[in-house]
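Observations on the three-dimensional arrangement
What follows is the residue order along each chain.
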Amino acid sequence: MCWKLFNKHFPKAKWIICRRDRNDLLQSLEKTPFMDAYTSKKDWNTFLDHYEILINEIKTNCAYFEIDIQQVFKHDTKQIDAMMTFLGIDPDDSKNVSDCIDRKEWHYGAKN
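Okay, so let's go over this structure. These numbers come from a predicted model, not from an experiment. (Residues numbered from 1 in each chain as written. Predicted model: local features only at pLDDT ≥ 70, side-chain atom pairs only at ≥ 80, totals over all residues. Heavy atoms only, no water.)

**Quick look at the overall build of the protein chain**
Along the protein chain, the regular secondary structure elements total five helices and two strands. By residue count, 21% of the 112 residues in the protein chain fall in the buried class. Restricting the contact set of the protein chain to residue pairs at least 6 apart, pairs at least 24 apart contribute 60%. As displayed, the protein chain has an accessible area near 8,300 Å², and 54% of this comes from carbon and sulfur atoms. (Helix = DSSP H or I, 4+ residues; strand = E, 2+ residues; numbered from the N terminus. Buried < 20%, exposed > 50% of the residue type's maximum accessible area, 1.4 Å probe, protein only. Contact = heavy atoms within 4.5 Å. Areas by Shrake-Rupley, 256 points an atom, 1.4 Å probe, with all protein chains shown as cover.)

Structural data, given as structure tokens:
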């Protein structure tokens, strides 16, 4: 992750951190064809541990908003509204968030 480079060139950028249950994320990583860098849960967990360190660096050094993606999948738009407010967008002026979530695409490309 090149967050330091992005932050250098875009110091006023606002970061969106999408969170997901770690076990669900591991299952997804194992099923997705283009995510074939690792073949074991141990290796993926090591990757995610390092990723978490980088996320914490972003949280320490940058303006950020964290969103629980599982809630979005449940059509809980409160987090989307809060994120939009963080970004300076009036949630009432935008298209209904639920209309933008296409359930058919959630598992696009996943191995069955």
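**Notes on the packing of aromatic side chains**
Given two aromatic rings, their pairing is described by the distance between the two centres and the angle made by the two planes. As enumerated under the stated definition, the model contains six aromatic pairs in all. Here the aromatic rings of Phe6 and Trp15 are separated by 6.5 Å at their centres, their planes lie at 70 degrees, and the arrangement is edge-to-face. Positioned above the aromatic ring of Phe86 is the side chain of Lys14, whose terminal nitrogen or guanidinium carbon lies 5.2 Å from the ring centre. (Phe/Tyr/Trp six-rings, centres within 6.5 Å; stacked < 30°, edge-to-face > 60°. Lys NZ or Arg CZ within 6 Å of the ring centre and 35° of its normal.)

**Regarding the environment of Leu25**
Mapped onto the elements of the fold, Leu25 is located in helix 2 (residues 22–31). In the structure, Leu25 is positioned 19 residues away from Trp44 in sequence and 9.8 Å away in space, judged by C-alpha atoms. The contacts of Leu25, once residues within four sequence positions are left out, are Arg20 and Leu48.

**Regarding the pattern of salt bridges**
Pairs can form between side chains of opposite charge whenever their charged atoms are close. As enumerated under the stated definition, the model contains four salt bridges in all. The shortest N-O distance in the salt bridge between Arg19 and Glu52 comes to 2.8 Å. Residue Arg19 is found in strand 1 (residues 14–19), and its partner Glu52 is found in helix 3 (residues 41–61); the two are separated by 33 residues along the sequence. Owing to a relative accessible area of 22%, Arg19 belongs among the partly exposed residues under this scheme. The salt bridge partner of Lys59 is Glu66, with a shortest N-O separation of 3.2 Å. Several salt bridges share partner residues, and in doing so they unite Arg19, Glu52, Lys59 and Glu66 into one network. (Salt bridge = Lys/Arg side-chain N within 4 Å of Asp/Glu carboxyl O.)

**Here's the deal with helix 3**
Structural remark: α-helix, 3.6 residues per turn; residues separated by three or four positions point the same way. With 21 residues, helix 3 extends 30 Å from end C-alpha to end C-alpha; this agrees with the ideal 30 Å at 1.5 Å per step. Within the span of helix 3, buried status applies to Trp44, Leu48, Leu54, Ile55 and Ile58. Here the buried residues of helix 3 occupy an arc of 120 degrees about the axis, which is enough to place them on one side. Exposed and oriented more than 90 degrees from the buried face of helix 3 are Lys42 and Thr60. Taken together, the buried residues of helix 3 touch helix 1 (3–9), strand 1 and helix 2. (Expected span 1.5 Å × (residues − 1). Arc of directions from axis to C-beta.)

**Structural notes on the packing of helix 2 against helix 3**
Running from amino to carboxyl end, helix 2 crosses helix 3 at an angle of 120 degrees, the nearest separation of the two axes being 11 Å. Taken as axis vectors, helix 2 and helix 3 run oblique relative to one another. The crossing of helix 2 and helix 3 is right-handed. Along its contact with helix 2, which presents Arg22, Leu25, Leu26, Leu29 and Glu30, the element helix 3 presents Lys41, Trp44, Asn45, Leu48 and Asp49. (Axes fitted to C-alpha atoms, helices over the stretch in contact; angles between N-to-C directions. Parallel < 35°, antiparallel > 145°, perpendicular 65-115°, else oblique. Left-handed = near helix turned anticlockwise from the far one by under 90°.)

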